[in-house]
Amino acid sequence: MAFPIRKLLLVSLLSALGSAGALAAEQSHFEHFITRDGAALKDGDRLFRFAGIHAPELHRIEDDARGTCKADPRGWGQYFKCPTAEEQENWIKALVQTGAKAQRVYVLSVQQENDAACGRETHILSPETPDSMPRLNEAAMKVYDNMIAEADKQGLRLILPFIDHWWWWGGREQLAAFYHEKPEDFYRTDSKTFQAYLDVIRQVITRTNTITGRHYYDEKAIMAWETGNELEDTNADFLHQTSAWIRKWAPHQLVVDGTYKKVNDFALSDPNVDIISNHYYTNANNNHHGQVRKDLEAIGGKKVYLVGEFGLLDQKDLDAIMQSIVHTEVNGVQAAGGFIWGFRGHRHDGGFYWHKEYTGHYSYHLPGFPGEGKANQEMEVVNLVRTAAAQMAGLSKAPALPVPEAPRLRESDSPFAINWMGSPVGRYYDVERAAAPKGPWTRVGKDISDGKNEWDPSKMSLFRDDYRSLTLGQTYYYRVIAKNESGQSAPSNVIRLKHTQKNLPPVITLQDMLSTTVDKGVQLNAVWQDDNLPDQKVSVAWSHDGKNNVHFCDSNKEETRVWFSAPGDYALTFTADDGLLESSKTINVSVKPAVRPVPADYCRFGSGTLDVSKGTLTSTKSEKETLAIGEDGFLGPFAHDGDSVRWQVSAPWDGKFALHVKFNGKWGSKKNSVIVNGGTPVSIEFPQTDEKGQTIVVPVSLREGANTISFGKFASDWGYMFIKSIEVTAE
């Protein structure tokens, strides 16, 4: 049939535009999608197995350094932010260069009511109209795009779960709230929540990656889609519809049943499910190496098996589980891989992100740091994971780390606050300085580590130059070199700094006058501030006017007690010395004769141990979890608002004391409070312990004479803690 000329031109134009659109997509760095061959994974015709440290935050960061958001009434709601493209590149390089071939990230976050107040971006936004579907947040999804693009570029396969069973990032509960349904409606396939869940899956899988130009279903870096994180109430209908829906939109990518704690028979018979996953944790009673064989036997070779998460154990136990993942074989079938929880990466402007678990374990940093990570067994954990990855690749040991690439030195306005984004596998750094842009260079910092845990960018810097070696008004140039056992990097970029900060003496704030009597003594409280020059060391000391009747409890502390063995007027001087300059201020103390017997000790005090049987109990009436003292002497569980125990403590003077609390956190890490003399609750973070418990020390202020100290479940407290005794002491 002959086409009219205009129609022919239109068809040609549309064809050209279509071809241009197709050509706009980048070529993947992977040759194949990962496929399933029975109970094994294949990359082309090669067996695909992997071991790694779970990296949950390649697309969204819990910023622990900022603490919890006060605007979030849940008490634990954190601040979040999106990683920069440089951070994502750095983290994925660190994973791949230490042996990772695959990685599972955390879920897509769902909007909740306090996100705006806490400045939190989420991936899934509420519907524009009550009965419509949720929307994807373009800003957050562009970060997700870059994660996938960078994984493709660096050679990392991704496992991407959709929705969380839990509420930390916003999960099924928050999705259900969009439609005024209950969290459990998520698993009910005739609910609005389930329909929204399916639509989110469709929107995500069919999204066009703004970096690569490819649809997500065409991204070879995406190894598998997971129905969700720890979806422990998964039922047959839910899984059948979900897995078929994922397969419809992503026919070349695999499907993981995101169930937790069990292997479901209906998952084994579902034709659209490729991978069965389990997570091993102590609270699930499965955190041991024998679980690998148990799950492989339950699966019976019908599907691929993956240990999606395990951890929060001693490195020997982690190694036993990881080696079981590597070597356990049931009828010729082995696990495809496993991930230890969990990893955090370099900050854009220096240091590392970090997270502390309720067990006291911190997130692991790559390539591992023998000093800063010692308490966290970081080197041992990183090495056991690298060994497992090598074994799965048919090697006897992990290959040497690559020589680190150059770090990225950040701009600064001070030679005493120099920071850089670390090299992906850099372990130590040397800092060099010059008086000209091209040198000659002098090393002014050697073997600096950026692996410190609990890094706080508002207070910390990786390097500060020596004030005494610099000339005021002079311009200097700096660069950084990364090192590990395989060699050293090329130098970083160069930054230019002019030294303009003149050292100033410390500034002291002190009361003008105090009064007391011979039988009492008095508390001294000096406050000082310094410009942290020439360094961050400041020595402090109290002195007196030469009279022998003055006695400091500790003259080298800004806060201490002083007592006098005779009446009179005394001048007490506080001095702060920064090493080059010092400041002093004097306080006058008027001491009158004793009005009661003189104590034997003005400085030390101990109340003795006050166990819970010596306190007054207030228990909320309840049929279960009633406050009671157990056979082990611990009082608990403080499950209800108002449950408390109260002690009377007589203090010998007004001042600061140490409250020693013997507690048992066998039910996990909790936040609870003490109240002194009916004042504001003092919140305490209690870590998880074994049943023997431990002691935590809390500073408190008491008044002379009778004081009331209460522990309990007060407003915003978590409860579920066990207390055995308290003791009050002073220096």
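Since the structure is predicted, the reported quantities are computational estimates derived from the model, not experimental observations.

Calculation notes
- Residues numbered from 1 in each chain as written.
- Predicted model: local features only at pLDDT ≥ 70, side-chain atom pairs only at ≥ 80, totals over all residues.
- Heavy atoms only, no water.
- Helix = DSSP H or I, 4+ residues; strand = E, 2+ residues; numbered from the N terminus.
- Expected span 1.5 Å × (residues − 1).
- Buried < 20%, exposed > 50% of the residue type's maximum accessible area, 1.4 Å probe, protein only.
- Contact = heavy atoms within 4.5 Å.
- Pairing = 2+ DSSP bridges.
- Axes fitted to C-alpha atoms, helices over the stretch in contact; angles between N-to-C directions.
- Phe/Tyr/Trp six-rings, centres within 6.5 Å; stacked < 30°, edge-to-face > 60°.
- Lys NZ or Arg CZ within 6 Å of the ring centre and 35° of its normal.
- Disulfide = S-S within 2.5 Å.
- Parallel < 35°, antiparallel > 145°, perpendicular 65-115°, else oblique.
- Left-handed = near helix turned anticlockwise from the far one by under 90°.
- Core = buried A, V, L, I, M, F, W, Y, C linked by side-chain atoms within 4.5 Å.
- 1 Å grid on protein atoms, 1.4 Å probe; cavity = no way out; pocket = protein on both sides within 12 Å on 5 of 7 lines; lining within 4 Å.
- Points joined across faces, edges and corners; volume = space filled by probe spheres on them.
- Nonpolar A, V, L, I, M, F, W, Y, C, P; charged D, E, K, R; others polar.
- Salt bridge = Lys/Arg side-chain N within 4 Å of Asp/Glu carboxyl O.

Colleague: For helix H5 (residues 192-205), give the residues involved together with the corresponding values.
Modeller: Here H5 contains 14 residues, and its C-alpha end-to-end distance of 20 Å stays within 8% of the 20 Å for a straight helix at 1.5 Å per residue. Burial in H5 covers these residues: Thr193, Phe194, Ala196, Tyr197, Leu198, Asp199, Val200, Ile201, Gln203, Val204 and Ile205. Residues of H5 that are buried make contact with strand E8 (124-125), strand E9 (135-136), strand E10 (157-164), helix H4 (172-177), strand E11 (222-229) and helix H6 (236-249).

Colleague: Lay out the pairing of strand E20 (residues 475-484) with the relevant residues and their values.
Modeller: As a general feature of sheets, a regular strand has side chains that alternate between the two faces. Counting buried positions along E20 yields 10 of 10 residues, so the element is predominantly enclosed. Alternating residues of E20 divide into Thr475, Tyr477, Arg479, Ile481 and Lys483 and Tyr476, Tyr478, Val480, Ala482 and Asn484, and every residue in both groups is buried. Across 7 bridges, strand E18 (residues 428-434) lies against E20 in antiparallel orientation. Looking across to E20, one finds that aspartate 430 is bridged to isoleucine 481. Pairing between E20 and strand E22 (residues 495-498): 4 bridges, direction antiparallel. Following the sheet pairing, tyrosine 477 is matched in E22 by arginine 496. Sheet analysis places E20 next to strand E21 (residues 487-488), joined by 2 bridges and oriented antiparallel. When the sheet's bridge partners are listed, asparagine 484 is paired in E21 with glycine 487. Following E20, the chain reverses through 2 residues before pairing antiparallel with E21.

Colleague: Account for the sheet that holds strand E28 (residues 550-552), with residues named and values stated.
Modeller: Strand order in the open sheet formed by 3 strands is E25-E29-E28, and the pairing between neighbours is antiparallel. Whereas interior strands pair on both sides, the edge strands pair on one side only; in this sheet they are strand E25 (522-525) and E28. Put simply, the sheet's adjacent strands are angled 30 degrees from each other on average, direction ignored. Pairing analysis gives 4 bridges linking E25 to strand E29 (residues 559-564), with the strands arranged antiparallel. Pairing of valine 522 across the sheet is with valine 562, part of E29.

Colleague: Give a description of the packing of aromatic side chains that names residues and reports values.
Modeller: Within this structure, the stated rule accounts for 33 aromatic pairs. Look at tyrosine 197 and phenylalanine 238: their rings are 5.5 Å apart centre to centre, the planes differ by 10 degrees, and that puts the pair in the stacked class. Remark: phenylalanine 238 occurs in helix H6 and tyrosine 197 occurs in helix H5; sequence separation between them is 41 residues. Tyrosine 197 sits in the buried class, given a relative accessible area of 0%. Between arginine 60 and the ring centre of tryptophan 169, over which it is positioned, the NZ or CZ distance is 5.2 Å. Looking at arginine 157, its charged tip hangs above the ring of phenylalanine 30, at a distance of 3.7 Å from the centre.

Colleague: Could you give an account of the state of the cysteines, naming the residues involved and the relevant values?
Modeller: Scanning all chains against the criterion turns up 2 disulfides. Disulfide pairing is shown between cysteine 69 and cysteine 118; the S-S distance is 2.0 Å. Taking the torsion about the sulfur-sulfur bond, which here is approximately -90 degrees, the covalent link between cysteine 69 and cysteine 118 counts as left-handed. One end of the pair, cysteine 69, is in the loop between strand E5 (61-62) and strand E6 (80-81); the other, cysteine 118, is in the loop between strand E7 (102-104) and E8, and 49 residues separate them in sequence. Overall, cysteine 118 belongs to the buried group, its relative accessible area being 4%. Residue pairing for cysteine 553: its cysteine sulfur links by disulfide to cysteine 603, the two sulfurs lying 1.9 Å apart. Between cysteine 553 and cysteine 603 the disulfide shows an S-S torsion of about -90 degrees. By sign, it is left-handed. Here cysteine 603 lies in the loop between strand E31 (582-592) and strand E32 (605-606) and cysteine 553 lies in the loop between E28 and E29, a separation of 50 residues in the sequence. The cystine pairing of the protein, numbering bonded cysteines in sequence order, is 1-2, 3-4. In this structure cysteine 82 is a free cysteine whose sulfur lies 15 Å from that of cysteine 118, the closest cysteine sulfur available.

Colleague: Let's hear about the packing of H5 against H6: which residues, and what values?
Modeller: As a packed pair, H5 and H6 sit with axes 10 Å apart at the nearest point and diverge in direction by 20 degrees. Between H5 and H6, the crossing angle belongs to the class labelled roughly parallel. In this structure, H5 crosses over H6, and the sense of that crossing is right-handed. Counted together, Phe194, Tyr197, Leu198, Ile201, Arg202 and Ile205 of H5 and Phe238, Gln241, Thr242, Trp245, Ile246 and Trp249 of H6 form the full contact between these two elements.

Colleague: Lay out the nonpolar core in plain terms, naming residues and giving numbers.
Modeller: The biggest cluster of nonpolar side chains holds 83 residues, and the ones touching the most others in it are Phe162, Tyr197 and Trp225. Top contributing element to this core by residue count: H5, with 8 residues. Once residues within four sequence positions are removed from consideration, tyrosine 197 is found in contact with Phe162, Ile163, Leu175, Phe186, Thr227, Leu231, Phe238 and Thr242. Phe605, Val700, Leu702 and Val728 belong to the second-largest nonpolar core, a separate cluster that totals 30 residues.

Colleague: A description of empty space enclosed by the protein should follow, citing residues and the corresponding values.
Modeller: Tallied over the full model, the rule gives 4 cavities of 30 Å³ or more. Reported here for the largest cavity is a volume of approximately 80 Å³. Lining the largest cavity are Ala51, Gly52, Ile53, Leu95, Thr98, Gly99, Ala100, Leu366, Val382, Val385, Arg386 and Ala389. With 4 residues, the top contributor of residues to the lining of the largest cavity is helix H10 (residues 378-392). In the lining of the largest cavity, the residues fall into 8 nonpolar, 3 polar and 1 charged. Looking at the second largest cavity, its volume works out to about 60 Å³. Residue lining of the second largest cavity: Glu86, Glu89, Asn90, Lys93, Glu405, Ala406, Pro407, Arg408, Met421, Gly422, Ser423 and Pro424, and that is the complete set. Broken down by element, the lining of the second largest cavity gets its largest block of residues, 4 residues, from helix H2 (residues 85-97). By residue class, the composition of the lining of the second largest cavity is 4 nonpolar, 3 polar and 5 charged.

Colleague: So what about the pattern of salt bridges? Which residues, and what values?
Modeller: Think of it this way: side chains of opposite charge can pair up when their charged atoms draw near. What the rule picks out here adds up to 39 salt bridges. For the salt bridge of arginine 36 with aspartate 274, the shortest nitrogen-to-oxygen distance reads 3.0 Å. With arginine 36 in strand E1 (residues 34-37) and aspartate 274 in the loop between helix H7 (265-269) and strand E13 (275-280), this residue pair connects regions lying 238 residues apart in the sequence. Using a relative accessible area of 28% as the deciding quantity, one classes arginine 36 as partly exposed. On the basis of relative accessible area, aspartate 274 is assigned to the buried category, the value being 5%. Arginine 468 is the salt-bridge partner of aspartate 535, the closest N and O atoms lying 3.8 Å from each other. One end of the pair, aspartate 535, is in the loop between strand E26 (527-529) and strand E27 (539-544); the other, arginine 468, is in the loop between strand E19 (442-448) and E20, and 67 residues separate them in sequence. We classify aspartate 535 as partly exposed; its relative accessible area is 22%. According to the relative accessible area criterion, arginine 468 is partly exposed, its value standing at 47%.

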